[in-house]
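Listed here are the chains, written in short residue letters.
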Amino acid sequence: MNDDSQILIARLLTHQTLRRDDRLVKRALSDEQFRAEIDARLTACGLKLLDNVYADHVTLCLHRAIEPKVFGARDTWQNNNFGLARDGVALLVVLWALIILPKRERQETHQHADDDQNDMFGQEKPVPRAEDTSIGIPYKALLADFGDKLGKKTRMDMNLGILSKLGFIERRGDILVEGPLLDLLMDTDLLKERIINGALADVFKRVPDQVVHIPRAVLAAANEAVIEADAAASTEHPNQD
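The rules behind the values
- Residues numbered from 1 in each chain as written.
- Predicted model: local features only at pLDDT ≥ 70, side-chain atom pairs only at ≥ 80, totals over all residues.
- Heavy atoms only, no water.
- Helix = DSSP H or I, 4+ residues; strand = E, 2+ residues; numbered from the N terminus.
- Buried < 20%, exposed > 50% of the residue type's maximum accessible area, 1.4 Å probe, protein only.
- Contact = heavy atoms within 4.5 Å.
- Pairing = 2+ DSSP bridges.
- Axes fitted to C-alpha atoms, helices over the stretch in contact; angles between N-to-C directions.
- Parallel < 35°, antiparallel > 145°, perpendicular 65-115°, else oblique.
- Nonpolar A, V, L, I, M, F, W, Y, C, P; charged D, E, K, R; others polar.
- Expected span 1.5 Å × (residues − 1).
- Polar contact = N/O pair within 3.5 Å; in protein donor to acceptor, adjacent residues only side chain to side chain.
- Left-handed = near helix turned anticlockwise from the far one by under 90°.

Caption draft 1: Up close: the overall build of the chain. Looking only at helices and strands, the chain has eleven helices and seven strands in total. Residues counted as buried form 40% of the 241 residues belonging to the chain. Long-range pairs, those at least 24 residues apart, make up 62% of the contacts in the chain between residues at least 6 apart in sequence.

Caption draft 2: A look at the sheet that holds strand β1 (residues 17-19). Taken in spatial order, the three strands line up as β1-β3-β2 in an open sheet, and their pairing is antiparallel. The open sheet has two free edges, formed respectively by β1 and β2 (47-50), since each of these has just one partner strand. Geometrically, the sheet is characterised by an average inter-axis angle of 25° between neighbouring strands, direction not taken into account. Sitting on the sheet, helix α3 (residues 32-43) touches β2 and β3 (57-62), and the angle it makes with β2 is about 140°.

Caption draft 3: The arrangement of the packing of helix α2 (residues 23-30) against α3 in detail. Packing of α2 against α3 leaves a shortest axis separation of 6 Å and a crossing angle of 100°. The angle between α2 and α3 falls in the class roughly perpendicular. Here α2 contributes Leu24, Arg27, Ala28, Leu29 and Ser30 to the contact with α3, which in turn contributes Glu32, Phe34, Arg35 and Ile38. Residue composition of the contact of α2 with α3, grouped by class: five nonpolar, one polar and three charged.

Caption draft 4: Structural context of the pairing of strand β6 (residues 175-178). As paired strands, strand β4 (residues 135-138) and β6 are joined by three bridges and run antiparallel to one another. Among the inter-strand pairings, Ile137 is bridged to a residue of β6, identified as Leu176. Of the pairings in the sheet, the one linking strand β5 (residues 169-172) to β6 comprises four bridges and is antiparallel in character. Note on β6: the bridge partner recorded for Arg171 is Leu176. Where β5 folds back onto β6 in an antiparallel hairpin, the turn is made up of two residues, including Gly173, whose phi is positive at roughly 65°.

Caption draft 5: Local environment of helix α1 (residues 3-15). With 13 residues, α1 extends 18 Å between its outermost C-alpha atoms, agreeing within 8% with the 18 Å of an ideal straight helix rising 1.5 Å per residue. Contacts made by the buried residues of α1 are with β1, α2, α3, β2 and β3. Positioned one or two residues after α1, Gln16 has a phi angle of 75°, which is positive.

Caption draft 6: Structural context of the environment of Glu170. On the secondary structure map, Glu170 appears in strand β5. The class for Glu170 is partly exposed, based on a relative accessible area of 27%. Residues Glu170 and Leu160, spaced ten residues apart in sequence, show a C-alpha to C-alpha distance of 9.1 Å. In terms of polar contacts, Glu170 uses its side chain to reach the side chain of Arg172, at 3.1 Å.

Caption draft 7: Here's a closer look at the packing of α1 against α2. One way to put it is that α1 packs onto α2 with a least axis distance of 10 Å and a crossing angle of 110°. Relative to α2, the element α1 lies roughly perpendicular. Here α1 and α2 pass one another in a crossing that is left-handed. Where α1 approaches α2, its residues Asp4, Ile7, Leu8 and Arg11 are matched on the opposing element by Arg23, Leu24, Val25, Arg27 and Ala28.

Listed below in structure tokens is the structure:
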């Protein structure tokens, strides 16, 4: 095992996620020999490198063959190893459906979050990054649409805090945006049809008036504007002793 593969695995174990544009991650995704070395080492520990072209990050997860020995070690099957209650898992699925599914559609059609029309040459462009296509969901809209079903405000706030700490979402004021793990640890191929035509079919048959999708780039610009305004106010009105 060379130093680079050792360092990459150690960093992933330590930081949980790394960006796809990280030097060693880019090498793992493009160098077959380097990837084979990493895969062999991780497989020996029951782990694998998890990535997909639609996500901006990579992470580690349990190998499918080892899952029964981990999640089925007790009398009842553990549905996850994050300590989430059923309403927390339900909230996670709702957020995934509202944020990731629309993002995937934009990526597959090579559209950015702020595009207002199709680009006739878009299919020849690379798949847009998640950062450029992901959306924001207003907290108040989420609470209005799903609060009654997901434990009301107190439980929802608690579960949102847990999901934020785990890296599934990020909270930017009143807006909930995609975290590094939201598009990595959910099986889109397995869940998509079940979500759209099953559990959340009624949600996807309508467009709630309260939900306003906000591009992450717009949120970032707004945050910078607030910081600059605060800095300007401090300069114009310095504290006086």
